[in-house]
Amino acid sequence: MEGPQLKHVPPTAAHHLLSDAPEVAPSELNDTVQSLPSNAVKDLLSQEICARCIFRLFGVQGHIYSCSLLSSSTMSYIIGGPTDLSGDTMDSCFRKCENLSSSKDPKCDAKLCSLCLGILQFKFSCDTRTQLNKNTPDAVAVLIADMVREDGHQIDSFSLEVSVPPVIVENDNAIQSYMRTRYGAEPWFQEKLHFGCVSTKDALKFSIVYPLENLLGCKSNMNSFRIRLTCGLSNSSKGARKCPEGDKSCKRIKTGLDNGVGVTYDSMVSHIECSDSSKVESNLDGEKPFNSLLEMSSKLCGMFLEKVIGPCHFTVYCCRAPIYFGGRYLKYSRNVSQTRWIIDDERMGEASVEEIIGENILQRCHGDSYKFHAAGREDIDVRMLGPGRPFLVEVQNVRLVPSDSFVKDLEKLINNLESKLVGVKNLKLVGSHGWNVMREGEAEKQKQYAALVWISRPLNDEDLQSVSSLKDLKILQRTPIRVLHRRSPLEREKIIHWMKIETVAGSSQYFLLHLCTQAGTYIKEFVHGDLGRTHPSIGTILGCRAEILQLDVTNVKMDCFLP
């Protein structure tokens, strides 16, 4: 059986795909930078705040964050003199920026941003699985796309989710307070900051989503396939701001650990030294890193990153929301349980409906796991016939998204298994609402049965007539002895809607009892009476001893998953 074909892009083609992506023109970058107040930009650059953080502080939005030219040296170059990038080609822009950074300060862009902790500079070290060749959004997008392909995910769109440490939000609050204190009276302040700054999470999305769309060949939207990036402080990122000796108001506080799942990449985190005039109490996991700046002056500029003390981990995790298969199952064996049944490490029965259906679906969808749900259940020695019993299979994190033809082939495969223990009907893909559909009216549903019964005396014509004349017979059932060990001792009223007897040729003491009952009726106990715990019973109605030899469910009367 062939499933949907995966879209495969070899790693060698990644750079070609990225080159086809619409790049931010140098003139657009130039115009954006020059639209910002140069004095504030220079101030922020002097505080080792990266170019993308400066853009987001001024509310810049959109694909410009993915620009490979965007760096502190580029920004310094544009605001530093009369020459701009508006007439340059991309290659000449790169050469100019590289020459500028190497001639003035080789470490210009090597310093970590004091706001985003290097996250928007993409300064990630390598791990054993892969390596970043450049500190650019493109390199991160290639890494994520490779992970999606390696895991075998088939996607037609995706949603990107980002999580960052709480300290970054505190950093943003602090720098905005500082800017309000220092620049609040300037004309541009209300205009540029009226709509507020862009969060680090959104800036990271803006940076990655455009090259990632090109690499994966699909658009980003609210989709069941999710790519989650989590930036968290590692256990080694313990530090505090250093304060002058003798200043007892500064305390050293350890940071916490934000654990992630998936592939891990490291970004560097530093600790900070504050000036004599700023008494700071902080940590790197939720406490304010710059203290409250509402009352602080421009002396805050004296704060700087002193040295690296530990890594910050960066994890990528890809998953798809569960998909649901709905249908009806048939059980042809009297030695197959509905769900996997193990007692003292010993299997009861030769197989289970859950495993036969669920495992075949899981294997062909390449999912992580599955859950099996059914509308009621039957005993291991009871067959499920007729139109079958409604069921759902919930599959977690599938790699192959099944089409309608795929589902039809899957139904044929299960029905053609060599064991012939279980079959399925009307298998289809359903949404999460399928669970509600299956549960609607479950308590009110009716079930039909066929039971092979033996009685202690010969059957006569009056018996046939008396049984078939009973309609909507109310019976009382106390919890059966055979299930008292796992169910509460209650008395339940149930309804037998109709019954009829089919005689067995050559025997006067055996017959087939066909009946339709309310859901939840114990049929075996209704036949033999369960030592008087069910009344009336077939035994009391016929005035003799009655035993049930075999039982089949012939219909579960529900509207869901019918043709």
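Under an unreviewed UniProt entry, the name given to the chain is tRNA pseudouridine(55) synthase, and the organism recorded is Acacia crassicarpa.

In this section: the layout of surface pockets. Left-over empty space is what a probe sized like a water molecule reveals as it rolls over the atoms. Within this model, the largest pocket holds a volume of roughly 850 Å³. Considering the residues around the largest pocket, the lining is formed by 32 residues, among which Arg-377, Glu-378, Asp-379, Arg-486 and Arg-487 are closest to the centre. Of all the secondary-structure elements, those providing two or more residues to the lining of the largest pocket are β15 (446–455), β17 (491–503), α15 (523–528) and β20 (546–557). Across the lining of the largest pocket, the residue classes tally to 11 nonpolar, seven polar and 14 charged.

For any two helices packed against each other, the geometry is given by the interaxial angle and the distance between the axes. Here helix α11 (residues 353–365) crosses helix α12 (residues 404–415) at 140°, and the two axes come no closer than 11 Å. As the angle between them shows, α11 and α12 are arranged oblique. In the packing of α11 onto α12, the handedness of the crossing is right-handed. For the pair formed by α11 and α12, the contact residues are Ile-357, Asn-360, Ile-361, Arg-364 and Cys-365 on the first element and Phe-406, Leu-410, Leu-413 and Ile-414 on the second.

One pass over the full model with this rule turns up eight aromatic pairs. For the ring pair Trp-188 and Phe-189, a centre distance of 6.0 Å and an interplane angle of 55° mean the geometry is tilted. Ring centres of Tyr-329 and Phe-372 lie 6.2 Å apart, and the angle between their planes is 50°; on these two criteria the pair is classed as tilted. Remark: Phe-372 occurs in strand β12 (residues 369–374) and Tyr-329 occurs in strand β7 (residues 323–331); sequence separation between them is 43 residues.

Counted under the stated rule, the structure contains 19 salt bridges. Of the charged contacts, one joins Asp-43 and Arg-182 as a salt bridge, the two residues approaching to 3.4 Å between their closest N and O atoms. Within this pair, whereas Asp-43 is found in helix α3 (residues 38–46), its partner Arg-182 is found in helix α8 (residues 166–183), the two being separated by 139 residues in sequence. Assessed through its relative accessible area of 39%, Arg-182 is described here as partly exposed. In the salt-bridge network here, residues are joined through shared partners; they are Asp-379, Asp-381, Arg-482, Lys-524 and Glu-525.

Right, let's talk about the nonpolar core for a bit. Residues Phe-55, Ile-144, Leu-204, Ile-208, Ile-227 and Leu-229 are the most contacted members of the largest nonpolar core, which totals 70 residues. Those residues within four positions of Phe-55 in sequence are excluded, and the remaining contacts are Leu-29, Thr-32, Val-33, Leu-36, Val-60, Ile-64, Tyr-65, Leu-70 and Met-75. Of all hydrophobic cores here, the second largest spans 61 residues; its members include Val-382, Leu-410, Ile-475 and Leu-542.

Among the structural elements, Ser-333 can be located in the loop between β7 and β8 (336–337). Taking relative accessible area as the criterion, Ser-333 reaches 10% and is therefore assigned buried. Along the backbone, Ser-333 and Ala-351 are 18 residues apart, and their C-alpha atoms lie at a distance of 9.7 Å. Filtering out sequence-adjacent residues up to four positions away, Ser-333 remains in contact with Glu-350, Ile-380, Val-382, Arg-383 and Leu-421. Within the local environment of Ser-333, its side chain forms a polar contact with the backbone nitrogen of Asn-335, the two atoms lying 2.9 Å apart.

Between His-535 and Pro-536 the backbone carries a cis peptide bond, its omega angle lying at -10°. Locating Pro-536 in the fold gives a position in the loop between β19 (534–535) and α16 (538–542). Positive phi, normally seen in glycine, also occurs at Asp-345, with a value near 65°. Along the polypeptide, Asp-345 turns up in the loop between β9 (342–343) and β10 (346–347). The residue Asp-530 is not glycine, and still its phi comes out positive at about 55°. Following the sequence through the fold, Asp-530 ends up in the loop between α15 and β19.

About the criteria used
- Residues numbered from 1 in each chain as written.
- Predicted model: local features only at pLDDT ≥ 70, side-chain atom pairs only at ≥ 80, totals over all residues.
- Heavy atoms only, no water.
- 1 Å grid on protein atoms, 1.4 Å probe; cavity = no way out; pocket = protein on both sides within 12 Å on 5 of 7 lines; lining within 4 Å.
- Points joined across faces, edges and corners; volume = space filled by probe spheres on them.
- Helix = DSSP H or I, 4+ residues; strand = E, 2+ residues; numbered from the N terminus.
- Nonpolar A, V, L, I, M, F, W, Y, C, P; charged D, E, K, R; others polar.
- Axes fitted to C-alpha atoms, helices over the stretch in contact; angles between N-to-C directions.
- Parallel < 35°, antiparallel > 145°, perpendicular 65-115°, else oblique.
- Left-handed = near helix turned anticlockwise from the far one by under 90°.
- Contact = heavy atoms within 4.5 Å.
- Phe/Tyr/Trp six-rings, centres within 6.5 Å; stacked < 30°, edge-to-face > 60°.
- Salt bridge = Lys/Arg side-chain N within 4 Å of Asp/Glu carboxyl O.
- Buried < 20%, exposed > 50% of the residue type's maximum accessible area, 1.4 Å probe, protein only.
- Core = buried A, V, L, I, M, F, W, Y, C linked by side-chain atoms within 4.5 Å.
- Polar contact = N/O pair within 3.5 Å; in protein donor to acceptor, adjacent residues only side chain to side chain.

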